[in-house]
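Secondary and tertiary structure notes
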Amino acid sequence: TMQSSGHRFRDVEHHPLLAENDSYDSSSSEADMAERVWFIRDGCGMVCAIMTWLLVVYADFVVTFVMLLPSKDFWYSVINGVLFNCLAVLALSSHLRTMLTDPGAVPKGNATKEYMDNLQLKPGEVIYKCPKCCSIKPERAHHCSICKRCIRKMDHHCPWVNNCVGEKNQRFFVLFTMYIALISAHALILCGFQFFSCVRGQWTECSDFSPPVTVILMIFLCLEGFLFLTFTAVMFGTQIHSICNDETEIERLKSEKPTWERRLRWEGMKSVFGGQPSLLWINPFAGFRIRQILLRSKKGGPEFSV
């Protein structure tokens, strides 16, 4: 915090992260950020993100080739195959949108004298400056040590999506947890039916794979489905609770007293998912512009190099 304007300016001018010849143009910085593809170069996060995709692909392989295609019931295979694969596509699309969407990063290095002059602060008005990324912290923003940035309404940093969950991508993270929970539950139900049909009939006829291989593949799928269902269902419930209470996970853990006017539950949901309730709420492709992404990828590289 900085109490007076004179102290505030001196603090910025002599801050080690800002050299004398460094200048900050908020408009050009934000425009530059908009032209770049958002991606965090964090080794742990990238491994976790790849593992997430591989586990979903494994589940899809077992469901499709071990359980559904060998089934003698045509409509059972078609309906469940289409449903499972659609949910898998929605889950992975939500994962991509969460990972590649700016979570609400504050422009780095904007705590300059010129920028604060433009804010037209009143004498003695208290503002907060992050000493790590040298940015003026908006209310409810927190610094992420992995992203190296202050994130607006930061809920937490999730290695499974290799990104922070914040103001601009929380909706996609909620959809990701919801769709993963749904395909996990669907896979467990299919495994139950498959075990029942194989035990009741001939193991050699219920799958194109040998009985030992079939059992091993399905056991691993059951374990994966149970773990993912438990984790994502709890996370989904936690996220919805946080949105309805207009409180991030960090604020809850720190027991921060709200200095902002909390939204009503329904208003909180509309602010995160956008507008009145509609099918767009559960559509991870809403607002996606592939042409814009291609133009950004040509103009600039990844936002981070961590």
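Residues numbered from 1 in each chain as written. Predicted model: local features only at pLDDT ≥ 70, side-chain atom pairs only at ≥ 80, totals over all residues. Heavy atoms only, no water.

This part takes up the packing of aromatic side chains. As enumerated under the stated definition, the model contains six aromatic pairs in all. Relative to tryptophan 75, the ring of phenylalanine 74 lies with its centre 5.2 Å away and its plane at 75 degrees, an arrangement referred to as edge-to-face. Phenylalanine 74 sits in the exposed class, given a relative accessible area of 55%. Tryptophan 75 sits in the exposed class, given a relative accessible area of 58%. Through successive ring pairs, a cluster of aromatic residues spans Phe61, Phe65 and Phe209. (Phe/Tyr/Trp six-rings, centres within 6.5 Å; stacked < 30°, edge-to-face > 60°. Buried < 20%, exposed > 50% of the residue type's maximum accessible area, 1.4 Å probe, protein only.)

To continue, consider helix α9 (residues 265-273). Every buried residue of α9 is listed here: Gly268, Met269, Lys270, Val272 and Phe273. As for α9, its buried residues are in contact with α6 (170-200) and α7 (211-245). Once α9 ends, the next one or two residues include glycine 274, with phi positive near 90 degrees. (Helix = DSSP H or I, 4+ residues; strand = E, 2+ residues; numbered from the N terminus. Contact = heavy atoms within 4.5 Å.)

Moving on to empty space enclosed by the protein. The tally for this structure, following the rule as stated, stands at three cavities of 30 Å³ or more. Elements represented by at least two residues in the lining of the largest cavity include exactly α7 and α9. The element best represented in the lining of the largest cavity is α9, accounting for three residues. Tallied by class, residues from the lining of the largest cavity come to three nonpolar, six polar and six charged. For the second largest cavity, the full set of lining residues is Leu55, Val56, Ala59, Phe84, Ile180, Ile183, Ser184, Ala187, Leu221, Glu224, Gly225 and Phe228. Counting residues per element, the ones that place at least two in the lining of the second largest cavity are α3 (43-68), α6 and α7. (1 Å grid on protein atoms, 1.4 Å probe; cavity = no way out; pocket = protein on both sides within 12 Å on 5 of 7 lines; lining within 4 Å. Points joined across faces, edges and corners; volume = space filled by probe spheres on them. Nonpolar A, V, L, I, M, F, W, Y, C, P; charged D, E, K, R; others polar.)

This part takes up the UniProt feature "transmembrane region" (unreviewed entry) in the protein. The sites that UniProt annotates as "transmembrane region" (unreviewed entry) are residues 43-68, 74-92, 172-195 and 215-236. Helix makes up 100% of residues 172-195 and strand 0%, whereas the separation of the span's terminal C-alpha atoms amounts to 34 Å. Structurally, residues 215-236 is divided into 100% helix and 0% strand, and its ends, taken at the C-alpha atoms, are 31 Å apart. (UniProt positions renumbered as here; feature names shortened; annotations may be inferred.)

Moving on: the pattern of salt bridges. Proximity of charged atoms lets side chains of opposite charge pair with each other. With the rule as written, the count across this model stands at five salt bridges. A salt bridge links aspartate 246 to arginine 140; the shortest N-O distance between them is 3.1 Å. In this pair, aspartate 246 is assigned in the loop between α7 and α8 (249-253) and arginine 140 in the loop between β2 (135-136) and β3 (142-144), connecting sequence segments 106 residues apart. Taken individually, aspartate 246 and arginine 140 each receive the classification buried, so the pair is uniform in this respect. Overlapping salt bridges, with partners in common, bring together Arg140, Lys153, Asp246 and Glu251 in one network. (Salt bridge = Lys/Arg side-chain N within 4 Å of Asp/Glu carboxyl O.)

Looking now at the layout of surface pockets. Put simply, the second largest pocket is a space of about 360 Å³. If you go around the second largest pocket, you meet 15 residues; those closest to its centre are Ser71, Lys72, Gln194, Ser197 and Cys206. When residues in the lining of the second largest pocket are grouped by element, the largest group, five residues, is from α6. In terms of residue class, the lining of the second largest pocket is made up of six nonpolar, five polar and four charged.

Attention now goes to the packing of α6 against α7. α7 packs onto α6 with a crossing angle of 145 degrees between their chain directions and a minimal axis gap of 7 Å. Crossing geometry of α6 relative to α7 is assigned as left-handed. When its residues are assigned to classes, the contact of α6 with α7 shows 22 nonpolar, seven polar and no charged. (Axes fitted to C-alpha atoms, helices over the stretch in contact; angles between N-to-C directions. Left-handed = near helix turned anticlockwise from the far one by under 90°.)

The next point concerns the nonpolar core. As a rule of thumb, nonpolar side chains are buried together in soluble globular proteins. Formed by 37 residues in total, the largest nonpolar core has its most connected members in Val63, Met67, Phe173, Ile180, Leu221 and Phe273. Considering each element in turn, this core owes the most residues, 11 residues, to α6. Discounting chain neighbours no more than four positions away, the residues touching isoleucine 180 are Val56, Ala91, Phe228 and Thr232. (Core = buried A, V, L, I, M, F, W, Y, C linked by side-chain atoms within 4.5 Å.)

To continue, consider the confidence of the model for the protein. When pLDDT is averaged along the protein, the result is 80, and 78% of the positions lie at 70 or above. Ranking the elements of the protein by mean pLDDT puts helix α1 (residues 5-13) last with 37 and helix α4 (residues 74-100) first with 96. Predicted confidence is poor over residues 299-306, with pLDDT under 50, and the contacts of this stretch with residues over four places away or in other chains come to 26 contacts. (pLDDT = per-residue confidence, 0-100.)

Right, let's get into the environment of isoleucine 189. Here isoleucine 189 lies in helix α6. The sequence separation of isoleucine 189 and cysteine 222 amounts to 33 residues, and the corresponding C-alpha distance is 9.4 Å.

We now examine the packing of α7 against α9. At their nearest, the axes of α7 and α9 sit 7 Å apart, and the two run at 115 degrees to each other. What the angle tells us is that α7 and α9 run roughly perpendicular. Residue-level inspection shows Ile240, Ile243, Cys244 and Asn245 of α7 in contact with α9, the latter providing Arg265, Gly268, Met269, Val272 and Phe273. Grouping the amino acids of the contact of α7 with α9 by side-chain chemistry returns six nonpolar, two polar and one charged. (Parallel < 35°, antiparallel > 145°, perpendicular 65-115°, else oblique.)

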